[in-house]
Amino acid sequence: MAAAPAASWALSALLTLALLGALAGAGRASPISSGAVTSALNARLKNLTDAFAPQVRRELGYCIQDTDSEWNTTFNFSSDPTFLVDCMKEGDLPQRVCTAAELKFYFESILDTSGKKNYVKPNKNCNLTSWIDGCEPGWGCTADIGQEVDLQDAVNFPSRTLDCRGCCPGFFCPHGLTCMIPCPLGAYCPQSTLNKTTGVCDPYNYQPPPGKTNHTCGGADRWSDVMSTDDVFCPAGYYCPSTITKLDCSSGYYCRKGSTSQTKCLSKGSCKPNSATQNITIFGAMLVGALSLVLLIIYNFSDQLLTNREKRQAKSREAAVRHARETVQARERWKSAKDVAKKHAGSLQNSLSRTFSRKKTLRTHESSKGGGGGLHPTEPDADPSKESGGKKNNTDTMRSLEENHGKDEGFNVEAGEKKKTKGRHVHTQSQIFKYAYGQIEKEKALELELEQQPNSNLTFSGVISMATDEDIRTRPRIEIAFKDLTLTLKGSKKKLLRSVTGKLMPGRVAAVMGPSGAGKTTFLSAIAGKATGCATSGMILINDRVEPIRAYKKIIGFVPQDDIVHGNLTVQENLWFNARCRLSAEMSQAEKVLVVERVIDALGLQPVRDSLVGTVEQRGISGGQRKRVNVGLEMVMEPSVLILDEPTSGLDSASSLLLLRALRREALEGVNISMVVHQPSYTLYNMFDDLVLLAKGGMMVYHGPVKKVEEYFQGLGIVVPDRVNPPDYYIDILEGIVKPNTNAAVNVKDLPLRWMLHNGYEVPRDMLQSASDSGSSFREGAGPHAPEAEPRKSIVGELWGNLRDILGQKKDEYDYNKSSEDLSNRKTPGILRQYKYYLGRCGKQRLREARIQGVDFLILGLAGICLGTLAKVSDETFGTLGYTYTVIAVSLLCMIGALRSFSLEKIHYWRERASGMSSLAYFLSKDTIDHFNTIVKPIVYLSMFYFFNNPRSSIWENYVVLVAVVYCVTGIGYTFAIFFQPGSAQLWSALLPVVLTLVSSEQKGTVFANLCYTKWALEAFVIANAQRYSGVWLITRCGSLVKTGYDIDHKILCIVVLAANGIVFRCIAFFCMVIFQKH
């Protein structure tokens, strides 16, 4: 053992200090010690304390934290130095105790043999040629006459051959040494007696040498670790206040092995006389009962809390509706006021113009003679912009009249522009104001009408200003135009869309149809900027400008084909959460409530608004209602562009009609709506404004108004038969199920070419090359320049192409979600506010998953009972076995529980992230809610394990370590849940704790072991328990820690490392969540 020499020297130094201190204490306590011996011993102690202490800390720092404290708990005999006084009465005590060299020699022998041999190596006094009575176990001798004994000498052995006799009580004499060593506190070292039946010296296990009748039983023979011998340990059920006194443990107290005092039991009835430990199982059951009661109260009150919250929300809805009603009434009154104000403003303007603006009157007269050159709002062809400009000019006129009454300027009243006047027109300014203020008196009737309005003190000009302002919030209109749009997979070069050209207009509902594989979803994904892993060619214009569609993602709603809705939330909670996170932060709560109410009413979800959506295990609303909730999640954010992927799939005709009516109402507000539809009914089909018809291969067959589609196909000779739904017939033709009429002029494959030629689009040569024979004239333009067919790729090439597709898709997804450019002019709530919203949602979800949490707690409690009962704390190993099982069990159960936080909500996160919600707020809210489990699960486990196992460390120390372990493994569980599929994540969660425990226990001291969190967790548990073993346990503690490689000073370090592991794995999990997105 490499550390044996250093450790043995340090122990010898510590024992030398102890010996000197003990002798000094005995000298102070003994009436015969007032001489030179006591003074010399005190002086030696004073000189040696500072010299030995640093070396002890350096050599035994892994098992001794504080030298002074360890000395007090192990060798401080000052409280009862009776055995020293008795031994000193026999004389020559300083000549019989071991020096530092002898102590070092003893401990080196013990550590080299791991305590298995009960004798030391041959030495100066005990060897093959010289073996005196003092070499026998339990016996010692005095130093030779004239031999000076220096207890500090760590090199030379003094010669001890005189006056050999048995060890004094309270000391032990090793087999093979002729000196005495004091027994540590917690030991019981009386004078032994010969057991005539066995021939053994009780209570020790050595025999007197045969043939020597004068050699009687002596004292104790050795002090070693408890696994080698526990002869000198104070037995369990007793306590030893000194090394020569053993007392019975009283009733109501318990005494562990090596105790110097008795410990009071928590309950007096749980400890009988001579109890080695207390039975505290009942307290564990009480703690479990109290915890269960608290959780039950929280669960029951959570229902009440949610009910009260719903009542408050209902009141806020009623207040919002009342506010909306008042707002509508106010707007109606203001509308009437605007009409009255504009009428009187017009009359005032005409009067002012006729009276004071001679040039303008003349110019008007001349224009009337010329047939009228101005545009009037009442004319059919009036320009709206000029009309609004006229309103603005009226307002500016009145403002100018009020603001410029002190300036020598004239006015063009009709245009509202200031003009410099010459001298003869200077007087018109005062005349204008005199007339204007006179007209105010005539408008008192108008002011009486306005007194009932909220702003009753407005002037006439203020009314005009109010009339011209736009007080109704409008959505920005987005027109999407695309030309020659082509999507090609980056790796395999497969074309998903080919030369698609068209325009999607705001305020219109477009249906995208086509057979399977036509690229309908790909087309809409490209329009929304969500097409990933593809090379895009062509042009996409936003409002006739070349701008990235991703910059408008805050006002673009995308409804996926699957119903991605939180099943453990109600309909209203789903919609309300999306509204709060995605609507403008400047909107008031009342306005947001109105938006949600409008969507609920439009989608017909009023009867189920407070019903849970439901999951696979828990029944909720119907499938059609769930589909409408899926659409409503995008409608509540008031999008300018709304794209839906098969929203009517799985719905009956009535539900589809209700959904489309709601979308039509959205379109009336200027929303650009496009949706993929499969087999719509004729009624539903006629409700669309535009139709986008795609053929296989992503080629466009038709894009235009629904009313003109039949006319277009009739021109090609394709006539829809009677009583056949037109879209079904067209899709059947494109699918190849139905062939066109015999008199049709084109083949099915030529329909995309026909459409391109019909609109004058440029036709790619490869499309001409692949035209059918019926359209062979289309191919003549290609000539010899037509490209040849691409050679077939090898398997390796296909694999490489697929890999490039996947990598390109990941890169595009990351770029889309991390795009910082924002042109939507909508400021959504920040991270902190979204974190608050996510926190509330996660809290509701966890409260509704209380049964699952209860099952987790039950399994943890059962595991604590089993492991606490089966793996009892062993004093020899400080409970290492039980703590090893604890680390594995708690890691496995808590890691699997942490998987539920992210495994089941990946698709929900992907949808919310794509819509611009904060990933960091989502992750932090999940982690914050899981802190409840981090705090409670250790309590549940320890309430069983600790009270069944009853280790020496306190429950608080075990709790702190277990909290750090749960925090660490929860982070690992997050990583598995995000990176792996659910099945693989569970398998990794089950295997990892076992594998890491084996690696850390078999590869001690290596880099791999230090990287295992199980090593730090087990070390923290063992150290917390080992600190409670002192006194006679010192050798056992040091031997065990040096064998396992643990350090008693690493207790805080272990907690920090576990917490750091939890933080690092959370960072890795967040990185994987942001970067890796699997579909």
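Above this text you will find the structure in question.
To start, this report covers the structure provided alongside it. The numbers attached to residues start from 1 for each chain and follow its sequence in the written order. Two thresholds apply to this predicted model, a pLDDT of at least 70 for residue-level local features and 80 or more for giving and counting side-chain atom pairs, whereas whole-chain, interface and lining totals are computed over all residues. Water and hydrogen atoms were dropped before computing side-chain values, which therefore reflect all heavy atoms in the structure.

Here the focus is the packing of aromatic side chains. Here is the rule: rings of Phe, Tyr and Trp (six-membered ring for Trp) pair when centre to centre is within 6.5 Å. Planes less than 30 degrees apart are stacked, more than 60 are edge-to-face, and the remainder are tilted. Within this structure, the stated rule accounts for 35 aromatic pairs. Ring geometry for Tyr 682 versus Tyr 685: centroids 6.4 Å apart, planes at 40°, classification tilted. Linking Tyr 682 with Tyr 685, this pair stays in helix α17 (residues 682–686), spanning three residues, or about one helical turn. Judged by relative accessible area, which is 45%, Tyr 682 ranks as partly exposed. Judged by relative accessible area, which is 1%, Tyr 685 ranks as buried. Among the aromatic side chains, those forming a connected cluster through ring pairs are Phe 577, Tyr 838, Phe 902, Tyr 909, Tyr 922, Phe 923, Tyr 974 and Phe 1070. Stacked on the ring of Tyr 238, the Lys or Arg Lys 246 has its end atom at 4.8 Å from the ring centre. Directly above the aromatic system of Phe 577 lies the positively charged group of Arg 841, at a separation of 4.2 Å from the ring centroid. We count a stretch as a helix when DSSP gives it H or I for four or more residues in a row; a strand needs E for two or more, and each element gets its number in order from the N terminus. Note on classification: 1.4 Å probe, protein chains only; a residue is buried when its accessible area is under 20% of the maximum for its type, exposed when over 50%, partly exposed between these limits. For a Lys NZ or an Arg CZ to count as sitting over a ring, it must be within 6 Å of the ring centre and within 35 degrees of the ring normal.

What follows covers the state of the cysteines. Put plainly, two cysteines are in a disulfide when a covalent bond ties their sulfur atoms together. In plain terms, two cysteine sulfur atoms within 2.5 Å form what is called a disulfide here. Tallied over the entire structure, the rule returns 10 disulfides. Here Cys 98 connects covalently by a disulfide to Cys 179, the sulfurs 1.7 Å from one another. Around the S-S axis, the bridge from Cys 98 to Cys 179 shows a dihedral of about 85° and counts as right-handed. Of this pair, Cys 98 sits in the loop between α4 (82–89) and α5 (100–112) while Cys 179 sits in the loop between β3 (171–172) and β4 (181–182), and the two are 81 residues apart along the sequence.

Here, nonpolar core means buried Ala, Val, Leu, Ile, Met, Phe, Trp, Tyr and Cys residues that are tied together by side-chain atoms lying within 4.5 Å of each other. Among the nonpolar cores identified, the biggest contains 121 residues, and Tyr 106, Phe 171, Trp 223, Val 232 and Tyr 941 are the most heavily contacted of them. No other element matches helix α28 (residues 955–979), which puts 13 residues into this core. Should any heavy atoms of two residues lie within 4.5 Å, those residues are counted as being in contact. If we ignore the near neighbours within four places in the chain, the residues touching Phe 171 are Phe 83, Leu 84, Cys 87, Leu 93, Val 97, Met 180, Ile 181, Pro 182, Cys 183, Cys 189 and Ala 220. Ala 531, Leu 603, Ala 667 and Tyr 702 belong to the second largest nonpolar core, which has 96 residues in total.

In terms of residue burial, helix α12 (residues 520–528) counts as a mostly covered element, since seven of its nine residues are buried. All of the buried residues in α12 are Lys 520, Phe 523, Leu 524, Ser 525, Ala 526, Ile 527 and Ala 528. Downstream of α12 by a residue or two, Gly 529 has a phi angle that is positive, lying close to 80°.

For the rest of this paragraph, the subject is a nonpolar patch on the surface. A contiguous nonpolar patch, built from Leu 287, Ile 955 and Trp 956 and spanning about 290 Å² of accessible area, is present on the exposed surface. By secondary structure assignment, the location of Trp 956 is in helix α28. Residues enter patches when they are more than 30% accessible in relative terms and free of salt bridges; like-charged ones are connected within 9 Å and nonpolar ones (Val, Leu, Ile, Met, Phe, Trp, Tyr) within 5 Å. What sets the accessible areas is the Shrake-Rupley method with a 1.4 Å probe; for residues, cover comes only from the shown protein chains. Each salt bridge in this description consists of a side-chain nitrogen of Lys or Arg and a carboxyl oxygen of Asp or Glu lying within 4 Å of one another.

To continue, consider the sheet that holds strand β19 (residues 672–676). Taken in spatial order, the six strands of this open sheet run β17-β18-β19-β15-β20-β21, and their pairing is mixed. Strand pairing shows two members of the sheet lacking a second neighbour, β17 (556–559) and β21 (699–705), which therefore form its edges. The average undirected angle you get between the axes of adjacent strands in this sheet is 15°. If DSSP finds at least two bridges between two strands, the strands pair. Relative to β19, strand β18 (residues 641–645) is paired through five bridges, and the arrangement is parallel. Note that in β19 the partner of Val 641 across the bridge is Asn 672. A fitted line through C-alpha atoms serves as each axis, taken over the contacting stretch for helices, and the angle formed by two N-to-C directions is quoted from 0 to 180°. Contacts between helix α15 (residues 623–635) and the sheet are confined to β17 and β18, with β17 contributing the most and set at about 165° to the helix.

Bringing the environment of Cys 234 into the picture now. Examined against the element boundaries, Cys 234 turns out to sit in the loop between β6 (200–202) and β7 (238–242). Judged by relative accessible area, which is 0%, Cys 234 ranks as buried. The sequence separation of Cys 234 and Lys 246 amounts to 12 residues, and the corresponding C-alpha distance is 7.4 Å. Excluding residues within four positions of it along the chain, Cys 234 makes contact with Gly 186, Ala 187, Tyr 188, Tyr 239, Cys 240, Lys 257, Gly 258 and Ser 259.

Once that is clear, we can look at the side chain of Glu 102. Assignment of secondary structure puts Glu 102 in helix α5. In the analysis that follows, any N or O atom pair within 3.5 Å is treated as a polar contact, provided that within protein one partner can donate a hydrogen and the other can accept it, and provided that, for residues neighboring in sequence, both atoms belong to side chains. Polar side-chain contacts of Glu 102 include one of 3.0 Å to the side chain of Arg 160. Aside from chain neighbours lying at most four places away, what touches Glu 102 is Val 97, Asn 125, Phe 157, Pro 158, Arg 160, Leu 177 and Cys 179.

Here we come to the pairing of β19. For β19, the tally of buried residues reaches five of five residues, placing the bulk of the element in the interior. Burial along β19 is two-sided: the face carrying Asn 672, Ser 674 and Val 676 and the face carrying Ile 673 and Met 675 are both buried. Bridge count between strand β15 (residues 509–513) and β19: four bridges; the pairing is parallel. When the bridges of β19 are listed, Val 512 appears paired with Val 676.

It is worth spelling out helix α29 (residues 982–1002) at this point. Since there are 3.6 residues in each turn of an α-helix, residues three or four apart along the chain are aligned in direction. Given a helix with a known number of residues, its expected span is that number minus one, times 1.5 Å. Its 21 residues place the ends of α29 31 Å apart at the C-alpha level, agreeing with the 30 Å of an ideal helix rising 1.5 Å per residue. Helix geometry: α29 is bent most strongly at Leu 991, by close to 30°, with proline Pro 993 lying one to four residues after it. Listed in full, the buried residues belonging to α29 are Ala 985, Ser 989, Leu 992, Pro 993, Leu 996, Thr 997 and Ser 1000. If you follow the buried residues of α29, they end up packed against α25 (880–899), α28, α30 (1007–1010) and α31 (1013–1026). By definition, a residue's bend is the angle between the axes fitted to the seven residues ending there and the seven starting there.

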